[in-house]
Amino acid sequence: MAYLEIQSLTKQYKNEIVLNKVDIKLERGETMSILGRSGTGKTTLLRTIAGIVKEDDGDIFINGENVKEKPAEDRPVVMMFQKPLLFPHMNAADNTAYGLKVKKVPSGKRRQEAEKFLEKVGLAGFGDKFPAECSGGEQQRISLARALIVKPKLLLMDEPFSHLDSELRRSMRLWVKEVLKEEGVTALFVTHDREEAEQMGDKLAVLGDGEILQSGLAEELYRRPAHPIVASLASEGFFTKEGAFVPLAAMSTKETTQPSRAFRAVIMEERQAYGLRFYNYYLKEEEVVIALQDESGTAVPGNETVLYAPASSLLFSEHTGLLRAEGEKK
Amino acid sequence: MKHKVIIGVFLLIFSVLPLLLLLLQSIAPGWGWGELFPSAVSVQAWQTALGDPALREAVAVTIMVILFVAAGNVILGVPAAKMLAYKHFRGKLWLDNLLFLPILIPMTAVAMGIHFTFIRAGLADTWLGTALVLFIPTLPYTIRVLRAGFERLGPESEEQAKSLGSTTLQALMFVQLPQIMPSLRSAVFLTVVITAGQYILPVIIGGGTVPMLSLLYFPYSNSANEAVVSALSLLFALLPLVVILLAEMVMRLVFAAAHRR
């Protein structure tokens, strides 16, 4: 049995299935990034594992022990939320040592441990500062120290860098990953940012509509996406609504005399998302001279077909070329 | 700056000046209409008032009842407010409105209705019965004020504390209550002021045998000695302030002790 084994975890709110038989396996000391769009159940997954939300079905094994019946406070799990959620009436040392305080560790020992962990997160001498006196990055570091001090068997991180500016976010990722490895912490890291997911996780899982659509090494998901959502989130390429997908890596251009289809792409709109520049394209099949063949191989004269796609469904990345396109023939 | 001046003027006119006048009247027994300054200054009125054993007993009983009601309001109000702030359940709106009904129904009707129950339970004509009935006009306000505090705080603080190993009580004591202290103070302040000013409920449930200050105040106010009435009025006005200070001290001590552990 793996160190963390989540089996058929299911959660439903009224008629909406938020988690549908989620299975996750993770070895000790590994970090798995869970990538998914907003509203796909990422946060609910972490809250269920943490015991904040009660699951409807399924099991959560940590180091061979099923923790599903335990209340949140008794699970060997700590969750870091999107916001640092430091307690404003406590200084950094008291915040850091909070988990020890509730376990009734003597105050002298608590302070000593807090100083040690604050030093680990690069905040030596910050013990007497209050959260209001710390920057966003410093607050998130204190939050990490507070999580690590209780030596959790599993650390759950719910987009902990989403409130930081992009530069700080990048440096925090590398640094947090280093700290997690140093401490040998097993962690689940949730994000909607592909770059962040790839950087933080030893493994990558894509969550879509409450299900783990695919999990494995980032490279595997990139090369062989098993689902259009995986393709759109963890890979690059071209796919249509019918589900046909061509990874960008497998696409190439060549001159041919064979009957082919040609498209003209017209930029309709440009926008920024996930740190990338996207273009919405209108793809029009060219009325080219090259004849098309139908399924039987008979040449089809001319070309009236236009691949029409709503602007919102065609996305193009400046860095990577064509990222994804959804469309329907009209 | 302009706002501060306006607030200062209002405080002066409606708080400081009336109290100052009462103080002057209480120490100037012969100060009559038309005289710019009192002709004589004396603390006799204070000696008369404080020398009255009935008054001393009333002050002690009133402080005891107020502290009991304030403590009970916090103990009962906190979980109720927290539930109303964070839990979603069928009939929540009804329950919310139901909690305000005791305030909307005239106190006399409430007191008469509850009087028979208290007689049967042996609580009528006791200080405990009087204190318990005073939850009716206070608890709805306490719940509402604390609920607003919990709603402002949000459930995340408790979730974070629990994720770090806190029990529900630890999360409440160490994390949530210290963060909603302004609401807690307001709730205690309202409870103290409302309790101190109640007349009908202590009269009916206490049956005249539970000597609260408000009950004693009215016979005194009919007295011809204005200085004594002023002294008593001042005492009546200051008593809630003293109790609030006491309550604040208790709360600070409790949280400080919890923090040190």
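Every residue gets a number counted from 1 within its own chain, in the order that chain's sequence is written. Lettering for chains starts from A, numbering for ligands starts from 1, and both go in the order in which the items are written. Per-residue local features are limited, in this predicted model, to residues with pLDDT of at least 70; the limit for side-chain atom pairs, both in listing and counting, is 80 or more; totals at the level of whole chains, interfaces and linings are taken over all residues. Only hydrogens and water are set aside; all other atoms, that is, all heavy atoms of the structure, feed into the side-chain values.

Chain B has the name Putative spermidine/putrescine transport system permease protein in an unreviewed UniProt entry, where Sinobaca qinghaiensis is given as its organism. The record held by UniProt for chain B lists under Sequence similarities (unreviewed entry) the comment "Belongs to the binding-protein-dependent transport system permease family." UniProt positions are given in the numbering used here, feature names are shortened, and annotations may be inferred rather than shown by experiment.

Taking an unreviewed UniProt entry as the reference, chain A is identified by name as Carnitine transport ATP-binding protein OpuCA belonging to Sinobaca qinghaiensis. For chain A, the Subunit (unreviewed entry) comment in UniProt is given as "The complex is composed of two ATP-binding proteins (OpuCA), two transmembrane proteins (OpuCB and OpuCD) and a solute-binding protein (OpuCC)." UniProt lists a comment for chain A under the heading Catalytic activity (unreviewed entry), and it reads "a quaternary ammonium(out) + ATP + H2O = a quaternary ammonium(in) + ADP + phosphate + H(+)".

A. Structural view of the overall build of chain A. Only DSSP runs of H or I covering at least 4 residues are called helices, and only runs of E covering at least 2 are called strands; the numbering of each starts at the N terminus. Counting secondary structure elements, chain A contains nine helices and 20 strands. Taken over 330 residues, chain A has a buried fraction of 48%. Residues count as neighbours in contact if any of their non-hydrogen atoms are within 4.5 Å of one another. Sequence separation of 24 or more characterises 60% of the internal contacts of chain A that already satisfy a separation of 6 or more. Accessible areas in this description were obtained via Shrake-Rupley with a 1.4 Å probe; residue shielding takes into account the shown protein chains only. Accessible surface, chain A as shown: approximately 16100 Å² in total, 49% of it carbon and sulfur. Three labels apply to residues, based on accessible area from a 1.4 Å probe with only protein chains included: buried if under 20% of the type maximum, exposed if over 50%, partly exposed otherwise in between.

B. Representation of the sheet that holds strand S7 (residues 154–158) of chain A. Residues and elements named next belong to chain A. Spatial strand order, S6-S7-S8-S3-S9-S10: six strands in an open sheet with mixed pairing. Here the strands that pair on one side only, and so sit at the sheet edges, are strand S6 (77–80) and strand S10 (211–216). Going across the sheet, the axis of each strand differs from the next one's by a mean of 20°, ignoring polarity. The pairing criterion is simple: DSSP has to find at least two bridges between the two strands. Taken together, the four bridges between S6 and S7 define a ladder with parallel strand orientation. Note on S7: the bridge partner recorded for valine 77 is leucine 154. Here an axis means a line fitted to C-alpha atoms, over the contact stretch when the element is a helix, while the angle between two N-to-C directions is reported on a 0 to 180 degree scale.

C. A look at the pairing of strand S4 (residues 57–62) of chain A. All names here are of chain A. One ladder, built from five bridges, connects strand S1 (residues 4–13) with S4; its direction is antiparallel. Its bridge partner lying in S4, glutamate 5 is registered against phenylalanine 61. Here two bridges tie S4 to strand S5 (residues 65–66), and the two strands are oriented antiparallel to one another. Paired with isoleucine 62 across the bridge in S5 is glutamate 65.

D. Quick look at the packing of helix H2 (residues 44–51) of chain B against helix H3 (residues 53–86) of chain B. All names here are of chain B. Interaxial distance between H2 and H3 falls to 5 Å at its minimum, and their mutual angle equals 70°. Comparing the axis directions of H2 and H3 gives the class roughly perpendicular. In this structure, H2 uses Ala49, Leu50 and Gly51 to contact H3, whose residues at the interface are Pro53, Leu55 and Arg56. Charged means Asp, Glu, Lys or Arg here, nonpolar means Ala, Val, Leu, Ile, Met, Phe, Trp, Tyr, Cys or Pro, and polar covers whatever is left, Gly included. Within the contact of H2 with H3, the residues separate by chemical class into four nonpolar, one polar and one charged. Just so you know how the angles are binned, under 35 degrees is roughly parallel, over 145 roughly antiparallel, 65 to 115 roughly perpendicular, and the rest oblique.

E. Here's a closer look at the interface of chain A and chain B. Chain A puts 26 residues into the contact, and the matching count from chain B is 21 residues. Across the chain A to chain B interface the summed buried area is about 2000 Å²; carbon plus sulfur atoms make up 55%. Sorting the residues of chain A by area buried against chain B places Glu73(A), Tyr98(A) and Lys101(A) first, and these three jointly supply 27% of that buried surface. In the sections that follow, a salt bridge refers to a side-chain nitrogen of Lys or Arg positioned within 4 Å of a carboxyl oxygen of Asp or Glu. Where chain A meets chain B, there are one salt bridge. The closest approach of N and O atoms between Glu159(B) and Arg47(A), which form a salt bridge, is 2.9 Å. Among the secondary structure elements, those contributing two or more residues to the side of chain A that touches chain B are S6, helix H3 (98–101), helix H4 (107–120) and helix H5 (136–148) of chain A. Of the residues that constitute the side of chain A that touches chain B, the class distribution is 15 nonpolar, three polar and eight charged. Using a 1.4 Å probe, buried area is obtained as the accessible area two parts lose upon being combined, added over both of them.

F. Structural view of the pairing of strand S8 (residues 187–191) of chain A. All names here are of chain A. Counting buried positions over the five residues of S8 gives five, a clear majority of the element. Bridge analysis of S7 against S8 gives four bridges, and the strand direction is parallel. Residue methionine 157 lies in a different strand from S8, and its bridge partner there is phenylalanine 189. Crossover handedness is defined here as right-handed if the route from the first strand over the helix to the second strand goes clockwise, with the strands pointing away from the viewer. Regarding topology, helix H6 (residues 166–183) serves as the crossover connection from S7 to the parallel S8, and that connection is right-handed.

G. Representation of the nonpolar core. Residue and element names in this part refer to chain B. We define a nonpolar core as any set of buried Ala, Val, Leu, Ile, Met, Phe, Trp, Tyr and Cys residues linked to one another through side-chain atoms lying within 4.5 Å. Residues Leu55, Val78, Leu146, Phe150, Leu177, Leu184 and Val192 are the most contacted members of the largest nonpolar core, which totals 42 residues. Contributions of two or more residues to this core are made by H2, H3, helix H8 (135–153), helix H10 (168–179), helix H11 (181–197), helix H13 (213–221) and helix H14 (226–260). Looking at this core, the element that brings in the most residues is H14, giving 12 residues. When sequence neighbours within four positions are dropped, the list of residues in contact with leucine 55 reads Ala49, Leu50, Leu213, Leu216, Leu232 and Leu235.

H. Representation of the sheet that holds strand S2 (residues 16–26) of chain A. If you trace the four strands from one edge of the open sheet to the other, you get S2-S1-S4-S5 (chain A), paired in antiparallel fashion. In this open sheet, the two edge strands, each paired with only one partner strand, are S2 and S5 of chain A.

I. Fine view of the packing of aromatic side chains. Residues and elements named next belong to chain A. Two rings from Phe, Tyr or Trp (for Trp, the six-membered ring) form a pair when their centres are within 6.5 Å of each other. A pair whose planes differ by under 30 degrees is stacked, one over 60 is edge-to-face, and the rest are tilted. All chains considered together, the criterion is met by eight aromatic pairs over all chains. Between phenylalanine 161 and phenylalanine 189, the ring centres sit 5.7 Å apart and the planes meet at 40°, which makes this aromatic pair tilted. In this pair, phenylalanine 161 sits in the loop between S7 and H6 while phenylalanine 189 sits in strand S8, placing the two residues 28 residues apart along the sequence. Here phenylalanine 189 falls in the buried class, since its relative accessible area comes to 0%.

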